[in-house]
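Listed here are the chains, written in short residue letters.
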Amino acid sequence: MLVAYKFLLRFSHSSPSSQAFLTLIPILLAAYKNNRETSARKVLLEAMSLSDIATNDMHGEKSAYFDGWKAYDRDPFHPKKNPNGVLQMGLAENQLSFDLIEEWIIKHPEASICTPEGISWFKDVAIFQDYHGLARFREAVAKFMGKARGGRVKFDPDRIVMGGGATGANEMIMFCLANPEEAFLVPSPYYPAFDRDMRWRTRVKILPIECKKSNNFKITKQALEDAYQKAQEQNIKVKGLIITNPSNPLGTTMNRETLKSLVSFINEKNIHLVADEIYAATVFSSPQFVSVAEVMKEVKCNPNLIHIVYSLSKDLGLPGLRVGIVYSYNDAVVSCGRKMSSFGLVSSQTQHLIASMLSDDEFVDNFLVETSKRLGKRHELFTEGLAEVGIKCLESNAGLFVWMNLQHLLKDHTLDGEMELWHAIIQDVKLNVSPGSSFHCSEPGWFRVCFANMDEDTVYVALKRIKKFAGNGQKEGAPAKAKRWKNNNALRLSLSSRIYDETVMSPTMIMSSPHSPMPHSPLVRART
C-alpha cells in the first residue's frame, strides 16, 4: 500500500485529497496486485491526462440502477432465441401505442424528407437552422403540451427551448440556474439518473428530501423545511427545488394543494422551482394531472422562478428522437438556454416530422385518449397478477411502472438485505428491476418495475417468474430464502472484488456504454 502510494505521488501532480488522486489509487493498487508496474505506470499516465469530470465518479455508474441494465445487455430475453434470458423491466418506456404512430406515418409520407412525397422539404430542413428551432416545431410542441395537460393551460412557443432529450434539458437548466457547489433539493425517492443529468458536469449538489411510506412518500412542508435548514446549517447555498410530477418512480401525481404549498415555499425563500413533467400524459386514472403552470395562476409568486422540463420520450414513447424541452417563465433563462442548446439540438429532420405529427389535432386527441386507456389496462393486468401472490404496490395513477413492495421477502430490513434480494431477482428470476436504494429511498424493500416496454405475452412471462419466486419464498420462509441467496455461489459480491474489477479497466473501456461507463460491473456478473 505504501509503495503504491509513493508511486502515485511520484507520477502525479495531484494532492492526496484531490478527486483525481483518490480515483487513481485503486487503479494503481490493482495493477500492482498483478505485478504489472509498467501497466500501472501506463494506466496512471493515461488517466492523469484526463479532466476531473472525466475521472470523477459523479456519473452514477456504480448504482444498481445501471448494473441491472448491464445484466440485461449480457443476456437479453427473446421469446424464441433466448427464453431464459433477463427480462428488461428497468426501462421506463412506453411501447403500447407505437401502432398509432406507425399508422399515422404511413398515411403521411410527406412528413418525412426521405420520401418522394416529402423530398421538396429536404433543402429547407437540411440547411443550417438557428438555435430557436423550426417555428412550426415549437408551435406544435407548445400546443401538444397544453393538450397533454387537459387544455387547462396554454404554452408560448417563444418560450420553448430545445435540449437533447430530458437528460440534456435537465443539465441545461442546471447550468442556467446554479454554480458549482450550489444545491437543489429533491424529494426522495427520485430518478437515479438525476445524479448524472444534474450533477456530473455542472458540479451542482442534489440534496434529498426524505419522504416516507407512512404518508405514501408524499412530500410534506416539514420535510421540505428540514432539508432546507440542514443545508443552511452546512453552509450550502440552496438555489432551488426539483420535483417530478407525475413521480418517477412512484407513479403518483401531486395534488393542487401540495403544488400550491411548494410554489409558496420557493417564492418565500426566493429559490427556483424546476418541475419535471415528462410523464404528464401517462395518467390513466384519477386524480387528473395538475401542472405547476396551472397553479401559478392561483398562487402569488414570482414567475421568473418557475421552469418546466418536458420531453416526448415518455408521453409519445419516442426516446430515440431525443426531443427535450425547457419551458421557462424567465426571459433570461430562455435566452441563456437557447445559447446552451447549441450543444444538444434536436435534429431539424426530427423537428420536421414532429411538427407535422403534432399539428394533426385529430391524431393527437385520439392518441392521448388511447394511450391512457392502454396504460391503465396494462397497469391493472400487472398489479392484479402481483396481488395473486400477495405482492402489493403503492397505489398509483400514472407513469410506466409500479413501486413494488417486497419488504416481506427481505431477510434483513437493511440496505444489505435489499441488495441480497435484488441480486436473487437478477440472477435467479432473471428480471431487471430497480431497487429502491438506487432511487435514494430510505426504506429498504421497494423496487421499481416497468410494465409498458414489452408486449402482453412478455408480461405474462414476467408474472410467471415473479409468482414462482415469490411463492417459493413464502413456502420456505423469507429468512431461509435469503440464506439460500446469500450462499448462492453463482453470484458473488464483495467490496474488495468490486474495487479490483472496476479499477483494472482503462479509461477507454470505461466509456464504452451509453448508459454507464462500466459495462462489466461485478455487481451483476454471473459465474456459470
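Since the structure is predicted, the reported quantities are computational estimates derived from the model, not experimental observations.

Calculation rules
- Residues numbered from 1 in each chain as written.
- Predicted model: local features only at pLDDT ≥ 70, side-chain atom pairs only at ≥ 80, totals over all residues.
- Heavy atoms only, no water.
- pLDDT = per-residue confidence, 0-100.
- Contact = heavy atoms within 4.5 Å.
- Phe/Tyr/Trp six-rings, centres within 6.5 Å; stacked < 30°, edge-to-face > 60°.
- Helix = DSSP H or I, 4+ residues; strand = E, 2+ residues; numbered from the N terminus.
- Buried < 20%, exposed > 50% of the residue type's maximum accessible area, 1.4 Å probe, protein only.
- Expected span 1.5 Å × (residues − 1).
- Salt bridge = Lys/Arg side-chain N within 4 Å of Asp/Glu carboxyl O.

> How should I be thinking about the confidence of the model for the chain in this particular structure?
In low-pLDDT regions, the fine details of the predicted coordinates are not to be read closely. Confidence in the prediction for the chain averages 84 pLDDT; 80% of positions are at 70 or higher. Confidence over residues 10–17 falls short of pLDDT 50; this stretch has 16 contacts with residues more than four positions distant or in other chains.

> Please explain the packing of aromatic side chains as it appears in this structure.
Aromatic ring pairs: the centre-centre distance and the angle between the two ring planes describe each pair. According to the stated counting rule, one finds twelve aromatic pairs in the structure shown. Their ring planes at 85° and their centres at 5.0 Å tell us that Phe 155 and Tyr 327 sit as a pair that is edge-to-face. Linking Phe 155 in the loop between α8 (135–148) and β2 (160–164) with Tyr 327 in strand β8 (residues 323–328), this pair joins segments that are 172 residues apart in sequence. According to the relative accessible area criterion, Tyr 327 is buried, its value standing at 3%. Between Tyr 279 and Phe 401 the ring centres are 5.4 Å apart and the planes differ by 75°, which places this aromatic pair in the edge-to-face class. With Tyr 279 in the loop between β6 (272–276) and α13 (292–295) and Phe 401 in strand β10 (residues 401–405), this residue pair connects regions lying 122 residues apart in the sequence. Judged by its relative accessible area of 2%, Tyr 279 falls in the buried class.

> So what exactly am I meant to see when it comes to helix α9 (residues 165–177) here?
Spacing of three or four residues puts side chains on the same side of an α-helix, whose turn is 3.6 residues. Here α9 contains 13 residues, and its C-alpha end-to-end distance of 19 Å stays within 8% of the 18 Å for a straight helix at 1.5 Å per residue. Within α9 the residues assigned to the buried category are Gly 165, Ala 166, Ala 169, Asn 170, Glu 171, Met 172, Ile 173, Met 174 and Leu 177.

> Looking at this structure, I do not really get the pattern of salt bridges. What am I missing?
It is possible for side chains bearing opposite charge to pair when their charged atoms get close. All told, the structure shown has 24 salt bridges when counted by the stated rule. A salt bridge links Asp 197 to Arg 196, with the nearest nitrogen and oxygen atoms 2.6 Å apart. For Arg 196, a relative accessible area of 15% translates into the label buried. A salt bridge links Lys 269 to Glu 225, with the nearest nitrogen and oxygen atoms 3.1 Å apart. Remark: Glu 225 occurs in helix α11 (residues 221–233) and Lys 269 occurs in helix α12 (residues 256–269); sequence separation between them is 44 residues. If you follow the salt bridges from partner to partner, you end up with Arg 152, Arg 256, Glu 257, Lys 260, Glu 294 and Glu 298 in one network.

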